[in-house]
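Each chain is listed here by its residues.
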Amino acid sequence: MKHLLKSCTAAFACLSFATQVIAAEPLKTLGKGEGAVSIVAWAGYIERGESDKNYDWVTGFEKETGCKVSVKTAATSDEMVALMNEGGFDLVTASGDASLRLVAGKRVQPINTDLIPSWKTLDDRLKNAPWNTVNGVHYGVPYLWGPNVLMYNTDAFKGEAPKSWNVVFEETTLPDGKSNKGRVQAYDGPIYIADAALYLMAHKPELGIKDPYELNEDQYKAALDLLRGQRKLVSRYWHDAMIQTDDFKNEGVVASGSWPFQVNLLQADKQKIASTFPDEGTTGWADTTMLHADSEHPNCAYMWMEHSLQAKVQGDAAAWFGAVPSVPAACKGNELLTDSGCATNGYDHFDKIKFWKTPVAKCGTQGECVPYHRWVSDYIGVIGGR
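From a predicted model like this one, the values you see are computed outputs, not experimental measurements.

> Can you walk me through the packing of helix α8 (residues 217-231) against helix α14 (residues 372-383) in this structure?
Relative orientation and spacing of two packed helices are given, respectively, by the angle between their axes and the distance between those axes. Closest axis-to-axis distance for the α8/α14 pair is 9 Å, and the angle between their directions is 25 degrees. Overall, the two elements α8 and α14 adopt an arrangement that is roughly parallel. As for how α8 packs across α14, the hand of that crossing is right-handed. Where α8 abuts α14, its residues Glu 217, Tyr 220, Leu 224, Leu 227, Arg 228 and Arg 231 lie against Arg 374, Trp 375, Asp 378, Tyr 379, Val 382 and Ile 383. Across the contact of α8 with α14, the residue classes break down as seven nonpolar, no polar and five charged.

Written out as structure tokens, the structure is:
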């Protein structure tokens, strides 16, 4: 944990002058593949049919390019930053709370979009997003995006979806007549402070929170106080998707913020699980495949980035994870995603999702905000009961 805190703080130290980053020169031409590509990715993002033979977008790529794919699964954005700081990887599927730290820390390099023919097929809402583009320079290829949903046990809620995040933030009696104490989970990552701030935006408007990632001292204290109260309810702070699914199956957990990936896994296992988009809205993630500054296999990496934007790959990956593809064409004609999959997974809710981004000291809404390095140390304290 101390190592994680050190790496997160070090990465943040560069962030304050991210806008002054002078971009290195991206690759000019694509050469022969080096035979391998290594990727740091979220669970479920890089599938080769081992979990389900229908979901395989690695095997064909390897045969076509000769680039052998290896994957290191990361459970949090901070872990991704730490791994990229250590080096030895070519690509990372970074969320918005990691991407600018990687740019500011010079751990990733600009990309040449001319070497990625499918760039033109991307959703225009993502091409120049502030979490992957700095001073007009693109640092990666959009991959998938979606909301952090409220996952719940349908028996515990008597078949009716909870309307509010209060079922995980405040002690309450659930529809099954039992308290939620010891039956809920929270995310094991500092960015979860934003979920508390989002809840307070709706329930304590007098705090004046406009952006859950831009908090002044009073707003930040209120969010921490809410999380300290939640600590008494939480059975586990989750970061491993597979452990969370097991907890919902075997440990009596009935409600938690989660990813659609876990919802899909549990429903496929015939569990009594559903998810909802509460009245307060949700946080969310928009992930970018970024190229390490010292990549040993840049040609294979560019080949993978192009491959990742193929409509079939985008649709299959979105179906598996419960996400929205970054290529709109993937929303139609994909057998696994189906033509209703994009709408189901939140395609039309883009403007309602508060996408993860790294909190910085100089912020747009208030001028001075609590920076991310404090989120890191304070959330460790919350989890530790302080």
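So, next bit.
> Which parts of the structure should I look at to understand the domain arrangement of the protein chain?
The extent of an interface is frequently quoted as the accessible surface area lost upon association of the parts. When cut into domains, the protein chain gives domain 1 (34-144 + 284-353) and domain 2 (148-257 + 356-382). For domain 1 versus domain 2, the separation of C-alpha centres amounts to 27 Å. At the junction of domain 1 with domain 2, the criterion picks out zero salt bridges. On inspection of domain 1 and its partner domain 2, the count reaches five residue pairs in polar contact (both at pLDDT 80 or more). When residues of the side of domain 1 that touches domain 2 are traced back to their parent elements, those giving at least two are α3 (77-86), α4 (96-104) and β13 (282-292). Looking at which element gives the most residues to the side of domain 1 that touches domain 2, the answer is α4, with four residues.

> How should I be thinking about the environment of Val 37 in this particular structure?
Note that Val 37 resides in strand β1 (residues 36-41). Overall, Val 37 belongs to the buried group, its relative accessible area being 1%. In the structure, Val 37 is positioned 246 residues away from Thr 283 in sequence and 31 Å away in space, judged by C-alpha atoms. Setting aside chain neighbours within four positions, we find Val 37 in contact with Phe 61, Lys 68, Val 69, Ser 70, Asp 90, Leu 91, His 297, Cys 300 and Ala 301.

> Can you help me understand the side chain of Asn 299 in this one?
Locating Asn 299 in the fold gives a position in helix α11 (residues 298-308). In this structure the side chain of Asn 299 is engaged in a polar contact, spanning 2.6 Å, whose partner is the backbone nitrogen of Gly 31. With residues up to four places along the chain from it excluded, the contact list for Asn 299 reads Leu 27, Thr 29, Leu 30, Gly 31, Lys 32, Gly 33 and Glu 34.

> Explanation requested: the sheet that holds strand β8 (residues 149-153) in the structure shown.
In a beta sheet, neighbouring strands are held together by backbone hydrogen bonds and run either parallel or antiparallel to one another. Sheet architecture is open: five strands sit in the order β10-β9-β11-β8-β12, paired in mixed fashion. One side of each edge strand has no neighbouring strand; the edge strands of this open sheet are β10 (234-238) and β12 (273-276). The sheet shows a mean angle of 30 degrees between the axes of neighbouring strands, taken without regard to direction. Two elements, strand β9 (residues 184-187) and strand β11 (residues 255-258), share two bridges in a ladder whose sense is parallel. Across the sheet, the residue bridging to Val 184 is Ala 255, located in β11. Its contacts with the sheet place helix α9 (residues 241-250) against β8, β9, β10, β11 and β12, and it is angled at close to 160 degrees to β11.

> I tried to follow the pairing of strand β7 (residues 141-147) on my own but got confused; where do I start?
Regular strands have side chains that alternate between both faces of the sheet. Of all seven residues in β7, seven are buried, a share of seventy percent or more. As paired elements, β7 and β13 share five bridges and run antiparallel to each other. Each bridged residue has a counterpart across the sheet, and for Pro 147 the counterpart in β13 is Gly 284. With two bridges joining them, β7 and strand β14 (residues 324-325) adopt antiparallel strand pairing. Bridge pairing links Trp 145 to Val 324 in β14.

Conventions adopted
Residues numbered from 1 in each chain as written. Predicted model: local features only at pLDDT ≥ 70, side-chain atom pairs only at ≥ 80, totals over all residues. Heavy atoms only, no water. Axes fitted to C-alpha atoms, helices over the stretch in contact; angles between N-to-C directions. Helix = DSSP H or I, 4+ residues; strand = E, 2+ residues; numbered from the N terminus. Parallel < 35°, antiparallel > 145°, perpendicular 65-115°, else oblique. Left-handed = near helix turned anticlockwise from the far one by under 90°. Contact = heavy atoms within 4.5 Å. Nonpolar A, V, L, I, M, F, W, Y, C, P; charged D, E, K, R; others polar. Domains from an automatic or database assignment. Salt bridge = Lys/Arg side-chain N within 4 Å of Asp/Glu carboxyl O. Polar contact = N/O pair within 3.5 Å; in protein donor to acceptor, adjacent residues only side chain to side chain. Buried < 20%, exposed > 50% of the residue type's maximum accessible area, 1.4 Å probe, protein only. Pairing = 2+ DSSP bridges.

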